[in-house]
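Examining the three-dimensional arrangement
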Amino acid sequence: MAWTQTDLDSLRAAAASGIRKVSFADGRSTEYQNADMILAAIKVVEADLAGVANGRQSRRRATILRVGCRR
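Residues numbered from 1 in each chain as written. Predicted model: local features only at pLDDT ≥ 70, side-chain atom pairs only at ≥ 80, totals over all residues. Heavy atoms only, no water.

Now for the nonpolar core. Ranked by size, the top nonpolar core spans twelve residues in total: W3, L8, L11, A14, V22, F24, Y32, I38, A41, I42, V45 and L49. Counting residues per element, the ones that place at least two in this core are α1 (5-17) and α2 (35-53). With five residues, α2 is the largest single contributor of residues to this core. Setting aside chain neighbours within four positions, we find I42 in contact with L8, L11, R12 and A15. (Core = buried A, V, L, I, M, F, W, Y, C linked by side-chain atoms within 4.5 Å. Buried < 20%, exposed > 50% of the residue type's maximum accessible area, 1.4 Å probe, protein only. Helix = DSSP H or I, 4+ residues; strand = E, 2+ residues; numbered from the N terminus. Contact = heavy atoms within 4.5 Å.)

Looking now at the pattern of salt bridges. Counted under the stated rule, the structure contains three salt bridges. With its nearest N and O atoms 3.1 Å apart, the salt bridge here joins R20 to E31. Of this pair, R20 sits in the loop between α1 and β1 (21-23) while E31 sits in strand β2 (residues 29-31), placing them eleven residues apart in sequence. With a relative accessible area of 39%, R20 lands in the partly exposed category. The class of E31 is exposed, set by a relative accessible area of 52%. Across the pair D26 and R28 runs a salt bridge, and its minimum N-O distance is 3.0 Å. (Salt bridge = Lys/Arg side-chain N within 4 Å of Asp/Glu carboxyl O.)

If you want it as structure tokens, here you go:
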């Protein structure tokens with residue numbers, strides 16, 4: 001998902017007001033456990049937006065674990 005300035009503004013408004021549930025521009029909403037989680041999300045979005053502004057795209061990595069039985 002690409003972050004927008006509107007998403008960042010929503011996160012900042014939630015952090016300032018103490019609200020834990022944030023709705024984003026694409027219709028998703030997330031309820032954060034505490035203010036530290038919102039601040040961490042703000043840092044992620046700021047870094048992503050800064051990378052886009054500088055012509056870099058952020059890389060996202062996912063770890064996929066396969067659980068199964070070996071014979």
